[in-house]
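Notes for the structure review
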Amino acid sequence: SQDLATIPLDGGNIGEGGELYRRNCAPCHRTAVRGGVLAYAGVNPPNLVGYSAPLVAGAIRWGPGPMPKFPPSVLNDHQLDSIVDYVVSVQRPPDPGGSPLHWYGPVAEGFAAWVILAVLIGLTVWIEWGGKG
């Protein structure tokens, strides 16, 4: 008989874990595992950066505080391991250089790019029209 306190973590699938995470976890913990989505409700899901794989697995299985439980009838051990692998991989994303904008995700980074582009266009128009008068 398997010890109930032991969760086997023996090789999940990060792609599958990402899908399962986005479906089950991201509504509260955000896609970048940075938490904070429900602050308006007085409940602030934690930032998952720095949590170990066994701690993340335990939280998923037994649901601390207001977090729902995800027993084996909801997520089997392989699915659980896949989510844990995804969370661990997102905790330490590869650093290609530049400013990561605190890994807020592609929407914030895309918005920053559009703002910079708009400023550059505005500056170009101002220089072009400012010289004629």
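In this report, we go over the structure that sits alongside the text. Computed from a predicted model, the values in this text were never measured in an experiment. (Residues numbered from 1 in each chain as written. Predicted model: local features only at pLDDT ≥ 70, side-chain atom pairs only at ≥ 80, totals over all residues. Heavy atoms only, no water.)

**Topic: the nonpolar core**
Cut-off, in case you're wondering: Joining through side-chain atoms within 4.5 Å is the link that ties buried Ala, Val, Leu, Ile, Met, Phe, Trp, Tyr and Cys residues into a set, and such a set is a nonpolar core. Buried, partly exposed and exposed residues are distinguished by accessible area as a fraction of the type maximum, computed with a 1.4 Å probe on protein chains only: under 20%, between the cut-offs, and over 50%, respectively. A run of DSSP states H or I qualifies as a helix once it reaches four residues; a run of E qualifies as a strand once it reaches two. Both are numbered from the N-terminal end.
Of all hydrophobic cores here, the largest spans 17 residues; its most connected members are Y21, V33, I60, L75, I83, V84 and V87. Elements represented by at least two residues in this core include exactly α1 (14-24), α3 (53-62) and α4 (77-91). Broken down by element, the residue count for this core peaks at 6 residues, all from α4.

**A word on the pattern of salt bridges**
Defined as follows: Salt bridges, as used here, are contacts in which a Lys or Arg side-chain nitrogen is within 4 Å of a carboxyl oxygen on Asp or Glu.
Applying the stated criterion to the full structure yields 1 salt bridge. Note that R61 is salt-bridged to D77, the shortest N-O span being 2.9 Å. With R61 in helix α3 and D77 in helix α4, this residue pair connects regions lying 16 residues apart in the sequence. Residue R61 is classed as buried on the basis of its relative accessible area of 7%.

**Some points on the packing of aromatic side chains**
We count it as follows: Pairing of aromatic rings covers Phe, Tyr and the six-membered ring of Trp, with a centre-to-centre limit of 6.5 Å; geometry is then stacked below 30 degrees between planes, edge-to-face above 60, and tilted otherwise.
Using the criterion set out here, one finds 1 aromatic pair in the structure. Ring plane angle 40° and centroid distance 5.2 Å describe the contact between Y21 and Y86, whose orientation is recorded as tilted. Taken as a pair, Y21 in helix α1 and Y86 in helix α4 lie far apart in primary sequence, 65 residues in all. A relative accessible area of 1% places Y21 in the buried class.

**A look at the side chain of Q91**
Let me state the cut-off plainly: Distance and chemistry together define a polar contact, namely a pair of N or O atoms within 3.5 Å, with one atom able to donate a hydrogen and the other to accept it when in protein, and with adjacent residues in sequence counting only for side-chain atoms on both sides. Residue contacts follow a heavy-atom distance rule, with two residues in contact if any of their heavy atoms lie within 4.5 Å.
As for its position among the elements, Q91 is in helix α4. At 2.9 Å, the side chain of Q91 and the backbone oxygen of Y51 are in polar contact. Residues contacting Q91, with those up to four places away along its chain left out, are V33, R34, L48, V49, G50 and Y51.

**Let's talk about the packing of α1 against α4**
What counts here: Only the contacting stretch of a helix is used when fitting its axis, a line to C-alpha atoms as for every element, and angles between N-to-C directions run 0 to 180 degrees. We call two directions roughly parallel when the angle between them is under 35 degrees, roughly antiparallel when it is over 145, roughly perpendicular when it lies between 65 and 115, and oblique otherwise. Each residue receives one of three labels: charged for Asp, Glu, Lys and Arg, nonpolar for Ala, Val, Leu, Ile, Met, Phe, Trp, Tyr, Cys and Pro, and polar for the others, Gly being one of them.
As a packed pair, α1 and α4 sit with axes 7 Å apart at the nearest point and diverge in direction by 90°. Viewed along their axes, α1 and α4 adopt a mutual orientation that is roughly perpendicular. Each of I14, E16, G17, G18, L20, Y21 and R22 in α1 lies in contact with α4, whose residues at this interface are H78, Q79, S82, I83, D85, Y86, V87 and S89. Considering only residue class, the contact of α1 with α4 consists of 6 nonpolar, 6 polar and 3 charged.

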